[in-house]
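Examination of the molecular architecture
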Amino acid sequence: MPAQTPVTEQSGRTPAPTGRELAAPGQASHARLLGLGVYRPRRVLTNQELCTWIDSTDEWIRTRSGITERRWAEPDETLAAMSVQAAAAALADAGIAAADVGCVILATVSHLEQTPALAPQIAHQLGAVNAAAFDLSAGCAGFCHGVALGRDMIHGGTARYVLVIGAERLTDLIDKNDRATAFIPGDGAGAVVIGPAERPGIGPVVWGADGSLSGVISQTRDWKSFADDPSGPRPFWQMSGQQVFRWASYEMAPVAQRALQAAGITVDELDAFIPHQANMRIIDTMIRALKLPADVPVARDIAEAGNTSAASIPLAMERMRRDGQAPRGGTALLIGFGAGLSYAAQVVTLP
Ligand SMILES: CC(C)(COP(=O)(O)OP(=O)(O)OC[C@H]1O[C@@H](n2cnc3c(N)ncnc32)[C@H](O)[C@@H]1OP(=O)(O)O)[C@@H](O)C(=O)NCCC(=O)NCCS
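Residues numbered from 1 in each chain as written. Predicted model: local features only at pLDDT ≥ 70, side-chain atom pairs only at ≥ 80, totals over all residues. Heavy atoms only, no water.

**Considering the site of the ligand**
Note the cut-off: The nearness test applies per residue and asks whether one of its heavy atoms lies within 4 Å of the molecule or strand. Side-chain atoms alone can form a polar contact between residues adjacent in sequence; in general such a contact is a pair of N or O atoms within 3.5 Å, and within protein one must be able to donate a hydrogen while the other accepts it. The Shrake-Rupley method, run with a 1.4 Å probe, gives the accessible areas here. Residue values count only the displayed protein chains as cover. With a 1 Å grid laid over protein atoms only, a set of points is called a cavity when a 1.4 Å probe fits there but cannot get out and a pocket when it is open yet has protein on both sides within 12 Å along at least five of seven lines; lining residues have an atom within 4 Å of a point. To be counted as sitting in a cavity or pocket, a molecule needs more than half of its atoms within 2 Å of that site's grid points. The helix and strand labels rest on DSSP assignments: H or I over at least four residues marks a helix, E over at least two residues marks a strand, and numbering proceeds from the N terminus.
In the neighbourhood of the ligand, 20 residues make up the surrounding shell, with Ser56, Arg64, Arg179, Gln242 and Asn279 lying closest. The contact in question runs from a nitrogen atom of the ligand to an N or O atom on the backbone of Arg179, over 2.9 Å. A distance of 2.6 Å separates an oxygen atom of the ligand from a polar atom in the side chain of Gln242. Contact with the protein chains hides 71% of the accessible area of the ligand, taken as 960 Å² for the molecule alone. The site holding the ligand turns out to be the second largest pocket. Elements that contribute at least two residues to the shell around the ligand include exactly α2 (58–65) and α7 (241–263).

Next comes the structure, spelled out in structure tokens:
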């Protein structure tokens, strides 16, 4: 029975607290990534096809961003459908039953209903009947935030298995005719199962936010102003490309460096570097700043997937594993950064 502190009738004041001892959480443990799954939409959109309706060229897009094609979800490839497919694949990869999952975290910025959150519906469709479930909004850093929370839940004994999903339908947010933004986003979903381990498999997170730069990646207007006055264009995703570029290129490498230090790992000990897939030039700048040895494989999924925000790191992890670049049990540095502005980085043992 939880301790209650009754208000006394005579004085109306609360008596001194009893200081009763509360039950401790379940058994705490080290944590690691146990399984990985993804969903990539069917439709491949090349730069050439995109340039049939925006005023740009394949060469401009490739040299500025490194993107050659991206996947755009079709109507039946909803955020929930893609998330469920990725999560089911991650559970199968981990050999964990959905009913054993204690928490489902969906990192996304493209669930377009204010209420309810989408994670409970995903948990229901998966059969994760014993799980808490909630959405997490931390832009392109959302997946790494989810991994940090999942790790701490296992550490604290709050859950035995946590499902972290990064999923986006960014194409619902953009103006497809705006040449400054239309070439960047892609859709998709990636998920990991986090569970108990004998040794630490997820290093301490290094994370933060700078709300003074909240306007750098934002919307053209908010939904309330659109509801109040729908005569103008609906809200679309927008960004100050050069500001994002400078921030990500020069301020994120020190964050990654701190995540390595926190995990007690040097760059030479890495088996893979899996940064958020924002832009190939940002990735290359970070590699130089980190002095990453040339033989450490680097995720470059952006070339075929575009920028998939919260989904980009698990999608890139899956491609590297499939291509034999990032072996199970290898040590990888992850870093997510984007809208907020928010960032999070950690070193993990690969699933
Ligand atoms: C978006 C980005 C590729 C644009 O590159 P840029 O060099 O900064 O380009 P600018 O926005 O300064 O535009 C330069 C010129 O290209 C033009 N341009 C913009 N989009 C274009 C396109 N798709 N095709 C051709 N020209 C384009 C602009 O109109 C501008 O022309 P002007 O000089 O005549 O005015 C770059 O800023 C970037 O990668 N930023 C980071 C984006 C990112 O990572 N976002 C995700 C964050 S998580």
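Now that the structure is up, let's keep going.
**Digging into the UniProt feature "domain: Beta-ketoacyl-[acyl-carrier-protein] synthase III N-terminal" (unreviewed entry) in the protein**
As a reminder, the rule being used: UniProt positions are given in the numbering used here, feature names are shortened, and annotations may be inferred rather than shown by experiment.
Following the UniProt record, one finds the feature "domain: Beta-ketoacyl-[acyl-carrier-protein] synthase III N-terminal" (unreviewed entry) at residues 134–211. The span residues 134–211 is 19% helical and 33% strand by assignment, and the distance between its end C-alpha atoms comes to 23 Å.

**Concerning the packing of aromatic side chains**
Two numbers describe a pair of aromatic rings. These are the distance of the centres and the angle of the planes. As a reminder, the rule being used: By convention, a stacked pair of Phe, Tyr or Trp rings (six-membered ring in the case of Trp) has centres within 6.5 Å and planes under 30 degrees apart, an edge-to-face pair has planes over 60 apart, and any other such pair is tilted. Exposure categories follow from relative accessible area, calculated using a 1.4 Å probe and restricted to protein chains: below 20% of the type maximum is buried, above 50% is exposed, and the middle band is partly exposed.
Tallying each qualifying case throughout the model produces four aromatic pairs. Aromatic pair Trp223 and Phe226: ring centres 6.0 Å apart, planes at 75 degrees, arrangement edge-to-face. Note that Trp223 and Phe226 are positioned in helix α6 (residues 223–228) at a spacing of three residues, about one turn of the helix. On the basis of relative accessible area, Trp223 is assigned to the partly exposed category, the value being 39%.

**So, the layout of surface pockets**
Rules: Grid points are joined across faces, edges and corners, and a volume is the space filled by probe spheres set on the points. All residues other than Ala, Val, Leu, Ile, Met, Phe, Trp, Tyr, Cys, Pro, Asp, Glu, Lys and Arg, Gly among them, are scored as polar; the first ten of these are nonpolar and the last four charged. How far each domain reaches was decided by an automatic or database domain assignment.
Here the largest pocket defines a volume of roughly 740 Å³. Forming the walls of the largest pocket are 29 residues, and the residues nearest its centre are Val109, Ser110, Ser137, Leu173 and Gln219. Elements supplying a minimum of two residues to the lining of the largest pocket: β5 (132–136) and β9 (217–219). Of all the elements, β9 adds the most residues to the lining of the largest pocket, at three residues. Of the residues belonging to the lining of the largest pocket, the class tally is 13 nonpolar, 12 polar and four charged. Taken domain by domain, the lining of the largest pocket gets at least three of its residues from each of domain 1 (30–197) and domain 2 (206–349). Put simply, the second largest pocket is a space of about 600 Å³. Forming the boundary of the second largest pocket are 27 residues, of which Phe183, Ile184, Met239, Gly241 and Asn279 lie nearest the centre. For the lining of the second largest pocket, the elements supplying multiple residues, two or more each, are α2, β10 (237–239), α7, α8 (280–290) and β12 (331–338).

**Comments concerning the sheet that holds strand β8 (residues 206–209)**
Sheet strands line up and pair through hydrogen bonds in the backbone, either parallel or antiparallel. What counts, and what does not: If DSSP finds at least two bridges between two strands, the strands pair. The angle between two axes is taken between their N-to-C directions and runs from 0 to 180 degrees, where each axis is a line fitted to C-alpha atoms and a helix contributes only its stretch in contact. In this analysis, two residues are considered to be in contact whenever any of their non-hydrogen atoms come within 4.5 Å of each other.
Pairing within the open sheet is mixed, and its four strands lie in the order β8-β13-β12-β11. Sheet topology places β8 and β11 (272–275) at the edges, where each strand pairs with a single neighbour. In this sheet, neighbouring strand axes are inclined to one another by 10 degrees on average, regardless of whether the strands run parallel or antiparallel. Examined bridge by bridge, β8 and strand β13 (residues 342–349) share four bridges and lie antiparallel to one another. Its bridge partner lying in β13, Gly208 is registered against Tyr343. Across the sheet, helix α10 (residues 312–322) lies against β11 and β12, angled at about 150 degrees from β11, the strand it touches most.

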